[in-house]
Amino acid sequence: MEEMIKNKAKELGVDLVSFLNLRDYKSPRSPNPLRYLTSARSIVVLAFKPLAGAYRYQENTWSKMPSFLYSVESAGNTAAYHLGRFMERELGAESFLVQAHRPFEINGETFRSPIGSISLRHAAVQSGLAVWGKNTLALTPQFGPRVMYLGLLNSLDLQSDPPIEGYDPCLTCQYDCRSTCPGKAFTEDGRVLSHRCVKVSQPDDVGNFMRFLIETAGKPSRDERLEMMKSPRFFRHLQYLQFFIHYHCDNCTRNCPGDLAGPVKK
Ligand code: B12
């Protein structure tokens with residue numbers, strides 16, 4: 001059964017695939033997976049590699065986004081959907097697609113520090129697809145952190161793949177991802193402070209749009225308010241809200257030499 005699913009995943013364009021039985025899933029801050037699928041027994045973890053040119057830009061441009069996020073997410077969702085349907089038809093499984101990031105559950109507890117339905121990094125590390133990096137990303141031997149993870153929570157009692165042993169690219173790494181983070185988002189105990197990361201990586205997000213609106217409302221004259229509404233800043237916020245995430249910073253991903261091929265060179 002495991003081999004059949006892996007072969008189908010590869011056929012559908014998945015780059016890396018592993019299984020994690022829920023007995024072996026440990027992510028203390030994440031919700032109980034049964035909240036999403038009452039029959040869930042395991043997770044199929046899927047990793048998709050962005051286009052090779054996705055991180056080789058000369059200047060940080062929003063035009064990079066389709067190469068490593070939008071296209072990978074829609075192709076990934078399509079592949080995961082078809083794999084879920086295959087498992088349903090052939091094996092009688094119920095599946096639930098674990099989204100790459102959004103939509104988040106937004107409630108009083110989590111809206112300032114979002115938590116995914118399943119922690120895909122924990123699942124990737126615990127099922128032998130990746131190891132933890134100092135940048136808190138899940139580093140694959142094949143592509144370092146430069147993958148997008150998706151998951152299929154499902155009702156099959158799939159055997160977990162064993163974690164990777166003897167691979168720790170951070171031991172010899174010369175790139176100091178933590179202290180060079182422009183948002184100073186890393187804490188001593190190896191976590192990322194969400195608000196610090198987002199301030200630099202997603203300057204046009206909804207929080208900053210609220211700041212823009214408050215600033216605009218506080219302008220004394222109509223002309224000054226109009227000037228704010230006609231500024232590039234307003235249109236950047238609008239574009240962010242209309243379309244999708246834009247990352248202004250992805251240093252911890254782009255500069256990480258966490259794969260056997262070494263760092264991405266410009
Ligand atoms: C919410 C979220 C964010 C939030 C908050 C991040 C956070 N602190 O968890 C924000 C907006 C800040 C964010 C930023 C980014 N994100 Co994000 N994010 C998520 C999301 C949707 C949920 C994560 C979650 O539930 N976290 C809460 C709980 C589970 O985390 P936690 O238990 O506190 O664990 C944390 C630490 O304890 C630590 N940790 C736990 N165990 C261990 C063990 C060791 C040894 C170490 C060192 C650390 C460590 O790692 C965690 C991060 O702080 C996931 C998708 C998903 N469903 O998993 C993507 C995801 C983690 N993000 C991803 C990416 C690519 C990014 C960005 C690079 C995007 C960008 N350009 O800005 C940055 C990277 C910042 C960073 N270095 O962590 C990828 C990571 C891919 C990979 N190779 O690992 C994911 C998996 C999306 C995906 N589908 O591929 N993200």
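Preceding block: the structure.
This report concerns the structure included in the present document.

What counts, and at which threshold
- Residues numbered from 1 in each chain as written.
- Predicted model: local features only at pLDDT ≥ 70, side-chain atom pairs only at ≥ 80, totals over all residues.
- Near = placed C-beta within 6 Å.
- Helix = DSSP H or I, 4+ residues; strand = E, 2+ residues; numbered from the N terminus.
- Nonpolar A, V, L, I, M, F, W, Y, C, P; charged D, E, K, R; others polar.
- Pairing = 2+ DSSP bridges.
- Axes fitted to C-alpha atoms, helices over the stretch in contact; angles between N-to-C directions.
- Contact = placed C-beta atoms within 7 Å.
- Buried ≥ 20, exposed ≤ 12 C-beta atoms within 10 Å, placed from the backbone.

1. Considerations on the site of the ligand
As a matter of local geometry, the ligand sits amid 33 residues, with Gly-116, Leu-120, Trp-132, Leu-137 and Ser-201 nearest to it. Those elements that place two or more of their residues in the shell around the ligand are helix H3 (120-126), strand E6 (148-154), helix H4 (194-201) and helix H8 (251-254). Among the elements that make up the shell around the ligand, the one with the highest residue count is H4 (4 residues). Here the shell around the ligand is composed, by residue class, of 17 nonpolar, 11 polar and 5 charged.

2. Topic: the sheet that holds strand E3 (residues 95-98)
Strand order in the open sheet formed by 4 strands is E1-E2-E6-E3, and the pairing between neighbours is antiparallel. Every other strand in the sheet has two partners, leaving strand E1 (16-21) and E3 as the edge strands with one partner each. When the angles between neighbouring strand axes are averaged without regard to direction, this sheet yields 20°. Taken together, the 4 bridges between E3 and E6 define a ladder with antiparallel strand orientation. Within E6, the residue paired with Phe-96 across the bridge is Leu-153. Sheet strands touched by helix H2 (residues 65-91): strand E2 (42-48), E3 and E6. Its angle to E6, the strand with the most contacts, is close to 20°.

3. Notes on the environment of Ser-117
Mapped onto the secondary structure, Ser-117 falls in the loop between E3 and H3. Spatially, the C-alpha atoms of Ser-117 and Glu-105 are 8.0 Å apart, while their sequence positions differ by 12 residues.

4. Considerations on the pairing of E2
Working note: regular strand, side chains alternate between the two faces of the sheet. Counting buried positions over the 7 residues of E2 gives 7, a clear majority of the element. Sheet topology note: the E1/E2 ladder contains 6 bridges and is antiparallel. By the bridge assignment for E2, Leu-20 is matched with Ile-43. One ladder, built from 7 bridges, connects E2 with E6; its direction is antiparallel.

The values reported here are purely geometric and, on their own, carry no functional implication.
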